[in-house]
Amino acid sequence: MWSWSLWSLLLALLFLHKVYSTQDDDTLPRIAVIGAGLGGASSAYFLRQLFGKEVQIDVFEANRVGGRAAVINIDGQDYEAGASIIHKKNRYMAEFASQFNKSDDRLSHSASFIGLYGNSGMVFQTSDWQAVSLAKLLWRYGFDLYTLREWTKHSLISKFERIYEFQDRGMAFTTLEDMLRAMSDSILNMTRHSLQDVLRDAGLSQRFIDELAMAALRNNYGQTTSAHGFVGAVSLIGAESDLWSVRGGNKQIVELLLKESKASLIEAKVTSVILMKDELGTGSIAYEVEYEKTHADPNNNISSREYDIVVVATPVSGTKHRISFIDFPNPMTPFVQDYHTTIAMFVQGRINSTTFKLSHQDEFPTDLFTVSPDLFFNSIGKLSSVNPGSRSEATGQKESAVWKTFLNKVPTEEQINQLFENRSDLRLVDWLAYPEYRPGNDLPPFMLYDRLYYVNAIESAAAAMEISVIGAKNVALLAFNQWHGHFDKIDELHLEIGEEVHAEL
Ligand SMILES: Cc1cc2nc3c(=O)[nH]c(=O)nc-3n(C[C@H](O)[C@H](O)[C@H](O)COP(=O)(O)OP(=O)(O)OC[C@H]3O[C@@H](n4cnc5c(N)ncnc54)[C@H](O)[C@@H]3O)c2cc1C
């Protein structure tokens, strides 16, 4: 395993090397993007915008376009199986939706009937009446929700949004650490402390931390409030109102970005990225990308192509399709991102009334979140199809509703029966979902080697669709600035005077 100081030194040397060997402005790079999830498709889109229409961009996809944005079909209806919810402040996702005429196709999500469930049963439940719910929240958590709102607004969202200003000015970062530092030192610090510590410092009560914060983290990331504070805060924001998704499925944004990028899609699994020898000693870098075609003759499915720039847009340690990095001066194993397995279980059927002590199915919340770390399931939510209104859509009728349960392990038959009775359908989707968010974990770099970039470094801060796009835009800007020698736009932690100087508050 590389030490990070050694890694930083290598990046600095590569950077200096680039300063003295900038690219001829009219040379066009050949670019490979590995992965056609949101990160890969938006990388291809931004690379096209920056490098222009003549540049060759190949996108490799081993499985299906969309990656973790995917739908599952149950009883003739599609449901979001992975990335489901987009926050109102997610600027890029909103821009894409409007650019692709999907703004009118937004499905809004606001949880109406929420329950918190622990080892000893229901801990808290909202009511059908908004005023009653507010009163109940106030009674149980005092002014915690107000404190949280003010804290997320001033300590998180306003600082996080600085990244848009940097990116609007074409500025990019070689490491995730510097990107977070440019937002604010306090944002970077949040990755070094647990959510519980961060919330305590912000003045939130222990009950709020143990119940609402725990519920949000278990539901969104399958983890507890010992996860780092930044991902925890993102998770709490994801529990706000005014959330939306794209009618027909969020994966359409990925498909449209890929189409708009006019990249060539190569349906193949990349097996290795090989650093080509610079035998003439010119200092120029090139990569050979080896891949196995997905739908080819099994005897003739291995190929390779040469590229000047390679963008890795899949978690390197969180993919079932491992990529080997060959002939680099040192072993390429700098990724200390352990990926968390989340099982999404889709059941069409009835909630078990005995377990949850229901006299009627309607007494069960539409969204049930668990607060006890040793409970075997994290949450159960009633799903709406991505095409509401089409056909009978198992709506309202909790008798035949479709439920999504998140778990950290494949459940036993007995556990499934504990949750559901009379089920007519059951599917399990096994996701390598997001990193394990341990406070103080190393934050990977966006630049793995000269002209070899890593979009999914950003997931070590938090995994979310908007955040993937921010990572993709950073990598596209980094590749462009390095190719053209715009070094003043790399790793500048402050915006220029005259525009707005952001000193740490
Ligand atoms: C269960 C679940 C729920 C989620 N809910 C939300 C949510 O509500 N809101 C939200 O914003 N985010 C959510 N997320 C997170 C969100 O899905 C991710 O942050 C985002 O989709 C990541 O996109 P990506 O392109 O970086 O990675 P991926 O979507 O994983 O794309 C990587 C792609 O690379 C391909 N690939 C991998 N290895 C190779 C190889 N060797 N060669 C070629 N191709 C390869 C894969 O097949 C995949 O298609 C959720 C994630 C999960 C798992």
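Look above for the structure.
Structure report, in brief.

Cut-off values and rules
Residues numbered from 1 in each chain as written. Predicted model: local features only at pLDDT ≥ 70, side-chain atom pairs only at ≥ 80, totals over all residues. Heavy atoms only, no water. Helix = DSSP H or I, 4+ residues; strand = E, 2+ residues; numbered from the N terminus. Buried < 20%, exposed > 50% of the residue type's maximum accessible area, 1.4 Å probe, protein only. Contact = heavy atoms within 4.5 Å. Areas by Shrake-Rupley, 256 points an atom, 1.4 Å probe, with all protein chains shown as cover. Core = buried A, V, L, I, M, F, W, Y, C linked by side-chain atoms within 4.5 Å. Patch = residues over 30% accessible without salt bridge, like charges linked within 9 Å, V, L, I, M, F, W, Y side chains within 5 Å. Salt bridge = Lys/Arg side-chain N within 4 Å of Asp/Glu carboxyl O. Phe/Tyr/Trp six-rings, centres within 6.5 Å; stacked < 30°, edge-to-face > 60°. Lys NZ or Arg CZ within 6 Å of the ring centre and 35° of its normal. Near = heavy atom within 4 Å. Polar contact = N/O pair within 3.5 Å; in protein donor to acceptor, adjacent residues only side chain to side chain. Pairing = 2+ DSSP bridges. Right-handed = clockwise from strand over helix to strand, strands pointing away. Axes fitted to C-alpha atoms, helices over the stretch in contact; angles between N-to-C directions.

Overview of the overall build of the protein
- Looking only at helices and strands, the protein has 14 helices and 20 strands in total.
- The buried share of the protein, taken over its 505 residues, is 54%.
- For the protein, restricting intrachain contacts to residue pairs at least 6 apart in sequence, the fraction spanning at least 24 positions comes to 76%.
- Accessible surface, the protein: about 21,900 Å² in total, of which carbon and sulfur atoms supply 50%.

Some details on the nonpolar core
- Of all hydrophobic cores here, the largest spans 138 residues; its most connected members are Phe96, Leu199, Val310 and Leu452.
- If one sorts the elements of this core by residue count, helix α14 (residues 465-484) sits on top with 12 residues.
- Of all hydrophobic cores here, the second largest spans 18 residues; its members include Phe356, Leu358, Ile380 and Trp403.

Focus: unusual backbone geometry
- Not every positive phi belongs to a glycine, and Lys262 is a case in point at roughly 50°.
- By the secondary structure assignment, Lys262 is in the loop between α12 (251-261) and β9 (264-275).
- Of note, the phi angle at Lys357 is positive, near 50°, even though the residue is not glycine.
- Along the chain, Lys357 turns up in the loop between β14 (339-351) and β15 (367-370).

Thoughts on helix α3 (residues 91-99)
- Buried within α3 are the following residues: Tyr92, Met93, Ala94, Phe96 and Ala97.
- Taken together, the buried residues of α3 touch α2 (38-51), β5 (106-109), α6 (162-168), β8 (243-246), α12 and α14.
- Directly beyond the C-terminal end of α3, a positive phi value near 55° is found at Asn101.

What to know about α12
- Turning to α12, its buried residues are Gln252, Ile253, Val254, Leu257, Leu258 and Ser261.
- One or two steps after α12, the chain reaches Lys262, where phi turns positive at roughly 50°.

Considerations on a nonpolar patch on the surface
- Together, Leu138, Phe143 and Tyr146 make up an exposed nonpolar region whose accessible area comes to about 380 Å².
- Checked against the element boundaries, Tyr146 lands in helix α5 (residues 144-160).

Observations concerning the environment of Arg200
- In this fold, Arg200 is placed in helix α9 (residues 195-201).
- Relative accessible area serves as the criterion here: at 37%, Arg200 is assigned to the partly exposed category.
- Residues within four places of Arg200 in sequence aside, it is in contact with Gln206 and Ile209.

Thoughts on the packing of aromatic side chains
- In the structure shown here, the tally under the stated rule is 25 aromatic pairs.
- Taken together, the ring pairs in this structure connect Tyr45, Phe46, Tyr92, Phe96, Phe100, Phe160, Tyr164 and Phe230 into an aromatic cluster.
- Above the face of the Trp244 ring, Arg106 is positioned so that its terminal group lies 3.9 Å from the ring centre.

Examining the site of the ligand
- Near the ligand lie 36 residues; those nearest to it are Gly39, Glu61, Arg68, Asn456 and Met465.
- Residue Asn456 places a side-chain N or O atom 2.8 Å away from an oxygen atom belonging to the ligand.
- In this structure, an oxygen atom belonging to the ligand sits 3.2 Å away from a main-chain N or O atom of Ala464.
- Out of a free accessible area of 1,000 Å², the ligand has 92% covered by protein chains.
- Counting only elements with at least two residues in the shell around the ligand, the list comes to α2, β2 (56-61), β9, β18 (420-435) and α14.

Focus: the pairing of strand β1 (residues 30-34)
- Of all five residues in β1, four are buried; the element is thus mostly enclosed.
- Two elements, β1 and β2, share five bridges in a ladder whose sense is parallel. Paired with Ala32 across the bridge in β2 is Asp58.
- A crossover links β1 with its parallel partner β2, the connecting element being α2, and its sense is right-handed.
- As judged from the four bridges shared by β1 and strand β12 (residues 309-312), these two strands associate in the parallel manner. Each bridged residue has a counterpart across the sheet, and for Val33 the counterpart in β12 is Val311.

Regarding the sheet that holds β15
- If you trace the seven strands from one edge of the open sheet to the other, you get β7-β6-β15-β16-β17-β14-β18, paired in mixed fashion. Both edges of this open sheet fall to β7 (121-125) and β18, since each of them pairs with a single strand only. Going from strand to strand, the sheet's axes swing by 20° on average, the running direction of each strand aside.
- Two strands pair when backbone bridges link them, and β14 and β18 are joined in this way by 12 bridges, in the antiparallel orientation. Among the inter-strand pairings, Gln348 is bridged to a residue of β18, identified as Asp425.
- On the sheet, helix α4 (residues 130-141) packs against β6 (114-118) and β7 and is oriented at approximately 115° with respect to β7.
- Each of β6, β7, β14, β15, β16 (377-382), β17 (402-407) and β18 touches helix α10 (residues 206-221); the most contacted strand, β15, lies at about 105° to it.

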